[in-house]
Amino acid sequence: MTEAYGAAGLEVPAGAAAAGVWARWRPVHRPFGPRQQFTAGRRAASAALAAAGAADRIVPRDPGGRPRFPRGFAGSISHTDHLAVAVVVPGAAAVGVDIESAVISPRATAFVLSGQERLKLLPSAGKYTPRELFAAKEAAFKALSGTGSLGDFLFWRIELRPADGALTASYRGVPVTVWINSDEDLSLALAISPG
C-alpha cells in the first residue's frame, strides 16, 4: 500500500498502515521553488489516488487553497524543498500528512509545544524530537481542520499526548491519532480522522 522513500526506507508508520493508507512520494525538481513543490505534490497525489483505485485523479485547490481530493478519498499533501508526499485513505473523514526536514530551534519548540508536552514528550521523559512533534501538530491540524467542524484555529493550539505507540492529538476535545516515522534527515507524521 505504501511506497518507501530513501535509503532508510522512510514510509508510513506501521500503525497507520492498517488504516488503509495509500502513500506516494515524488521528488521536487530544480529550481526547487513553490511551483516545483506544488507540481511534485500533485503528482504524488495523483499516484496515491490511482493506487487507491480512484477514477478521478486530479486534485485542484479549494477556495481556501487546500487540496480538494475526490469524494470518498480523503487525502493530504506535504513537501519539503526536495520531496513531496501524498496520502490517501479511502472512506476516512479527513487525513493530514506532514514531512519536515528542518531543524526546529529551541525557541520554536518552546512556542509550539506546551510546557506539559515538552516535559512528557521530549527526551528524557519522552521519545520524540522537536521536529517529530512539530510534524505531528501540522498533520493533526490538517486532519482536524479537514473535517470542517472546528472552525479556524492555530496548529500550535492542538494538544499532544502519548497513546499506545502513537500520539493522540486533540483540539476542543476532538481527537485524532497521529503516527510518526523518522530517519536522520526527515520526519513524517500522519493523522487520520476516521469516517
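Residues numbered from 1 in each chain as written. Predicted model: local features only at pLDDT ≥ 70, side-chain atom pairs only at ≥ 80, totals over all residues. Heavy atoms only, no water.

Undergrad: Teacher, can you tell me more about the sheet that holds strand E8 (residues 187-193) here?
TA: The pairing of strands in a sheet happens through backbone hydrogen bonds and is either parallel or antiparallel. Within the open sheet, the five strands sit side by side as E4-E8-E7-E6-E5. Their pairing is antiparallel. At either margin of the open sheet sits one strand with a lone partner, and together these are strand E4 (94-100) and strand E5 (159-163). Strand-to-strand twist of the sheet, defined as the mean angle between neighbouring strand axes without regard to direction, takes the value 25°. Two strands pair when backbone bridges link them, and E4 and E8 are joined in this way by seven bridges, in the antiparallel orientation. By the bridge assignment for E8, Glu-100 is matched with Ser-187. (Pairing = 2+ DSSP bridges. Helix = DSSP H or I, 4+ residues; strand = E, 2+ residues; numbered from the N terminus. Axes fitted to C-alpha atoms, helices over the stretch in contact; angles between N-to-C directions.)

Undergrad: What am I meant to see in the side chain of Ser-145 here?
TA: Looking at the element boundaries, Ser-145 is found in helix H5 (residues 130-146). Residue class for Ser-145 comes out buried when judged on its relative accessible area of 18%. A polar side-chain atom of Ser-145 sits 2.7 Å from a polar atom in the side chain of Arg-66. Side-chain polar atoms of Ser-145 contact the backbone oxygen of Phe-141, separated by 2.7 Å. Residues in contact with Ser-145, not counting those within four places in the same chain, are Arg-66 and Phe-153. (Buried < 20%, exposed > 50% of the residue type's maximum accessible area, 1.4 Å probe, protein only. Polar contact = N/O pair within 3.5 Å; in protein donor to acceptor, adjacent residues only side chain to side chain. Contact = heavy atoms within 4.5 Å.)

Undergrad: Sorry if this is basic, but what is going on with the nonpolar core here?
TA: Membership of the largest hydrophobic core comes to 27 residues, with the highest contact counts inside it found for Leu-133, Leu-167, Val-176 and Val-178. Broken down by secondary-structure element, the contributors of at least two residues to this core are H5, strand E6 (166-171), strand E7 (174-182) and E8. Per element, the largest residue contribution to this core is eight residues, and it comes from H5. The residues contacting Val-176, other than those within four sequence positions of it, are Ala-140, Ala-143, Leu-144, Leu-167, Thr-168, Ala-169, Ala-191, Ile-192 and Ser-193. Membership of the second largest hydrophobic core comes to 21 residues, among which are Ala-16, Leu-83, Val-89 and Trp-179. (Core = buried A, V, L, I, M, F, W, Y, C linked by side-chain atoms within 4.5 Å.)

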